[in-house]
Amino acid sequence: MSQRVALVGYPLRHSISPLFQQAAFDYCQLDVRYEAWEIEPKHLESLRSRLRHFSVLGANVTIPYKESILPLLDRLDDLAGQIGAVNTVVRRDGELLGYNTDAEGFLRSLRQDSGFEPEGKQVVLLGAGGAARAVAFALAKSRVKSLTIVNRTLERVQILVESLKSKVRSGQDVRIIALPWEENELGKALFHCDLLVNCTSIGMKHSPAEKQSPLEAEFIPQDALVYDLVYNPVETLLLKEARKAGAKTLGGLVMLVYQGAISFELWTGRKAPLDIMFRVAREALEG
Ligand code: NAP
């Protein structure tokens, strides 16, 4: 019987993980099927027993379950526990272990693909969901000078900021601020920023905010790097606005493949075939 890895989320139409993960298993000649499990929120509880099946190696977790899956797991890796969000599950010795590979995937793409070193920089982050948790934690631990997090739902960003402050050790001098999504406040924060990261789903294909941008060019400083975690489409409206403003840009595809490669290595103990994963991901998105 083939082994299985599940992609858990709702909805899943936007995801290209099944394509590049399956290509990686096939390339490594591993008898593993990567399956999309689209699970409605009311059925999330059933996931625990499904993931415990002996044929299951593990799972990727995506919108909207990166935080709500935590109570279904037996143990969390240290990093996932600190972040408070899981995007990778490994079934090991009958237990479900939760990991977060988004944080490492994000930092790796930032450094390797943009040559951007976050230490000492001023960062504005949009969003306070599962992806924002991982990115904010990665940046705070990388000793940015300031981290301003802006979200539509103020309460959610306040909770995230409090949780970050409690985890960033005293002596590690990072200013972490929660802001409401309000033009004046946001404008002031953006004025001085070196890095702007979009961790909302605005602009994502098949989402309610498809073909929208969280910001227009006039708000984007020309010296900043604008990093859009949205990877479908490859060329989001935010990236177009950023280029109009003269800023440097990075899209979400590289992080997607890096976080997926780290997950692959956790499930299989094998080195991920990055070139294959990138080729298939690019073909899927660029057609
Ligand atoms: P999530 O937990 O559902 O969070 C979504 C976030 O977007 C929340 O902060 C939400 O604000 C905000 N948002 C959604 N629609 C909005 C709108 N119309 N106006 C203002 N804010 C809005 O999702 P997630 O897992 O964090 O993922 C977020 C995005 O990152 C998705 O597009 C996902 O595909 C992408 N992502 C990419 C990678 C990668 O490797 N490139 C990895 C992870 C995620 P509220 O709190 O107010 O609802």
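Cut-offs and rules
Residues numbered from 1 in each chain as written. Predicted model: local features only at pLDDT ≥ 70, side-chain atom pairs only at ≥ 80, totals over all residues. Heavy atoms only, no water. Helix = DSSP H or I, 4+ residues; strand = E, 2+ residues; numbered from the N terminus. Rg over C-alpha atoms; globule rule 2.2 N^0.38 Å. Buried < 20%, exposed > 50% of the residue type's maximum accessible area, 1.4 Å probe, protein only. Contact = heavy atoms within 4.5 Å. Areas by Shrake-Rupley, 256 points an atom, 1.4 Å probe, with all protein chains shown as cover. Lys, Arg positive; Asp, Glu negative; His and termini not counted. Charge placed at Lys NZ, Arg CZ, Asp CG, Glu CD. Patch = residues over 30% accessible without salt bridge, like charges linked within 9 Å, V, L, I, M, F, W, Y side chains within 5 Å. Salt bridge = Lys/Arg side-chain N within 4 Å of Asp/Glu carboxyl O. Near = heavy atom within 4 Å. Polar contact = N/O pair within 3.5 Å; in protein donor to acceptor, adjacent residues only side chain to side chain. Nonpolar A, V, L, I, M, F, W, Y, C, P; charged D, E, K, R; others polar.

(A) Main features of the overall build of the chain. Within the chain, the regular secondary structure consists of 10 helices and 12 strands. Relative to the compact-globule value of 19 Å for 287 residues, the chain shows a C-alpha radius of gyration of 18 Å, a close match. The dimensions of the chain, computed from C-alpha atoms along their principal axes, are 55 × 45 × 35 Å. The buried share of the chain, reckoned over its 287 residues, is 55%. Taking the contacts inside the chain whose residues are at least 6 apart along the sequence as the reference set, 68% of them involve residues at least 24 apart. Counting only carbon and sulfur atoms, one obtains 47% of the accessible surface of the chain, whose full area is about 13,200 Å². With 35 positive and 35 negative side-chain charges, the chain shows a spacing of 2 Å between the two charge centroids.

(B) View of a negative patch on the surface. A contiguous patch of negative charge on the surface is contributed by Glu-182, Glu-183, Glu-185, Glu-216 and Glu-218. Residue position: Glu-185 is located in helix α7 (residues 183-191). By relative accessible area, which is 31% here, Glu-185 ends up partly exposed.

(C) Spatial organisation of the side chain of Arg-133. On the secondary structure map, Arg-133 appears in helix α5 (residues 130-141). Every residue in contact with Arg-133, bar those within four places of it in the chain, is listed here: Glu-67, Ile-83, Gly-84, Ala-85, Ile-159, Leu-160 and Ser-163.

(D) Just the site of the ligand, in detail. Residues in contact with the ligand amount to 24 residues; listed here are only the nearest, Ala-131, Asn-151, Arg-152, Thr-153 and Arg-156. Contacts to the ligand include Asn-151, whose side-chain N or O atom sits 2.7 Å from an oxygen atom. Within the side chain of Arg-152, one N or O atom sits 2.9 Å away from an oxygen atom of the ligand. Coverage of the ligand by the protein amounts to 87% of the 920 Å² it exposes when considered alone. When residues of the shell around the ligand are traced back to their parent elements, those giving at least two are α5 and α9 (253-268). By residue number, the principal contributor to the shell around the ligand is α9, which donates three residues. Of the residues in the shell around the ligand, the class split is 11 nonpolar, nine polar and four charged.

(E) Broad picture of the pattern of salt bridges. Per the counting criterion, the structure on display carries 13 salt bridges. Across the pair Arg-48 and Asp-74 runs a salt bridge, and its minimum N-O distance is 3.3 Å. Remark: Asp-74 occurs in the loop between β3 (56-61) and β4 (75-76) and Arg-48 occurs in helix α2 (residues 47-51); sequence separation between them is 26 residues. As a salt-bridge pair, Asp-102 and Lys-66 come within 2.8 Å of each other at their nearest N and O atoms. You can see Asp-102 sitting in helix α4 (residues 102-114) and its partner Lys-66 sitting in the loop between β3 and β4, a full 36 residues away along the chain. In this structure Asp-102 comes out as buried when scored by relative accessible area, which is 4%. The buried category is assigned to Lys-66, whose relative accessible area is 14%.

(F) Representation of the environment of Asn-87 within the structure. Note that Asn-87 resides in the loop between α3 (78-83) and β5 (88-92). When the C-alpha atoms of Asn-87 and Leu-160 are compared, they prove to be 17 Å apart, with 73 residues separating the residues in sequence. In this structure, Asn-87 is in contact with Ala-59, Asn-60, Val-61, Lys-66, Tyr-99, Asn-100, Thr-101, Asp-102 and Gln-259, ignoring residues within four places of it in sequence.

(G) Just the environment of Ala-261, in detail. Note on placement: Ala-261 falls in helix α9. The class of Ala-261 is buried, set by a relative accessible area of 2%. Between the C-alpha atoms of Ala-261 and Ala-24, which are 237 residues apart in sequence, the distance is 8.8 Å. With residues up to four places along the chain from it excluded, the contact list for Ala-261 reads Ala-272, Leu-274 and Met-277.

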